[in-house]
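Residue-level listing of the chains:
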Amino acid sequence: MSTSTIGSAQEQKQNPGQLNSVQLNIVTLIDMERATATQSLDESMYMMDNSIGGDGQGTNHLQTVCKQGQVLNWIIRPIDMEKRLDNTWPPMPKINSIVFLDTESGDEEDVAERKIFTELKIYGAPDRMRDKFTPVYYYWAGTILSTAKPGLYRYRLVLELEQEGTKEKLYLNTEQHPSIRVIAV
């Protein structure tokens, strides 16, 4: 085998090997003060992931590349996580739902009729676990169906935000729609 053939085989193997990761994390940071003041996620939400080849890192319209059958963990947390001088914790965001949108109909606000992932739902219990040594956040998990057609799937996050000084929650939907790009195994 020539050196160029070995190099080419390693290049081909490198990406698929990295995509064989069991789980992908999609992390969303929320500027809680700005989001609750403006009652909008615009310029208050920043997303990133550990996928290979995605787009939009650090924006609110992240595109995550994943494969059929892969587990995705949507992790959400506020930017400010430190306990305050008055011994209170900052407000927390929570994902109430992830809604995949029907990109085939042309109206991106329509809910997709075809199921592409199995929801494992909400996990996390920050109020009971908060301390200065434990990272605390809510997350939502799901598995991309092995039968999901390769392609781009946009989704909307439905978020519940605690508000400073009140028990009333603020509910917001993502305005810019993040997406996942499913590739064949």
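All residue numbers here refer to positions counted from 1 along the written sequence of the relevant chain. The predicted origin of the model limits local features to residues at a pLDDT of at least 70 and limits the giving and counting of side-chain atom pairs to 80 or more, whereas totals for whole chains, interfaces and linings rest on all residues. The side-chain figures draw on all heavy atoms in the structure; neither hydrogens nor water molecules are used.

What follows deals with the pairing of strand β3 (residues 63-67). Residue exposure (1.4 Å probe, protein chains only): buried if accessible area is under 20% of the type maximum, exposed if over 50%, otherwise partly exposed. Comment: elements are numbered from the N terminus, with helices defined as DSSP H or I runs of at least four residues and strands as E runs of at least two. For β3, a buried count of 5 out of 5 residues is recorded, marking the element as mostly surrounded by other parts of the structure. Residues Gln63, Val65 and Lys67 of β3 are buried on one face, and the alternating residues Thr64 and Cys66, pointing to the opposite face, are buried as well. Two strands qualify as a pair provided DSSP detects at least 2 bridges between them. Both β3 and strand β10 (residues 179-183) contribute to a ladder of 5 bridges, which runs parallel. Bridge pairing links Thr64 to Ile180 in β10.

Let's shift gears to unusual backbone geometry. The residue Gln39 is not glycine, and still its phi comes out positive at about 50 degrees. Within the secondary structure, Gln39 sits in the loop between α2 (32-38) and β2 (45-49). The phi dihedral of Glu43 falls on the positive side, at around 60 degrees, and the residue is not glycine. Relative to the assigned elements, Glu43 resides in the loop between α2 and β2.

Here the focus is the packing of aromatic side chains. Only Phe, Tyr and Trp rings are paired, with Trp represented by its six-membered ring, and only when their centres lie within 6.5 Å; those with planes under 30 degrees apart are stacked, over 60 edge-to-face, the remainder tilted. A complete count under the given rule lists 4 aromatic pairs for this structure. Ring plane angle 65 degrees and centroid distance 5.8 Å describe the contact between Trp74 and Phe117, whose orientation is recorded as edge-to-face. Pair noted here: Trp74 is in strand β4 (residues 71-78) and Phe117 is in strand β6 (residues 117-123), with a separation of 43 residues, a long-range link. Accessibility assignment for this pair places Trp74 and Phe117 in one class, buried. Clustering of aromatic rings is evident, with ring pairs tying together Trp74, Phe100, Phe117 and Tyr155.

Right, let's get into the nonpolar core. Core analysis: the biggest nonpolar cluster contains 32 residues, and Ile30, Trp74, Ile98, Phe100, Tyr155, Leu159 and Ile180 have the highest contact counts within it. It is strand β8 (residues 151-163) that contributes the most residues to this core, 5 residues altogether. Contacts are assigned to residue pairs with any non-hydrogen atoms lying within 4.5 Å of each other. Each residue touching Trp74, except ones within four places of it in the same chain, is listed here: Ile26, Ile95, Ile98, Phe100, Phe117, Tyr138, Tyr139, Trp140, Gly142, Tyr155 and Leu157. Nine residue types can take part in a nonpolar core, namely buried Ala, Val, Leu, Ile, Met, Phe, Trp, Tyr and Cys, and a core is a set of them joined through side-chain atoms within 4.5 Å.

Should a side-chain nitrogen of Lys or Arg be within 4 Å of a carboxyl oxygen of Asp or Glu, the pair is scored as a salt bridge. Taken as a whole, this structure holds 1 salt bridge when the rule is applied. The partner of Glu43 in a salt bridge is Arg34, with the nearest N and O atoms 3.2 Å apart. According to the relative accessible area criterion, Arg34 is partly exposed, its value standing at 34%.

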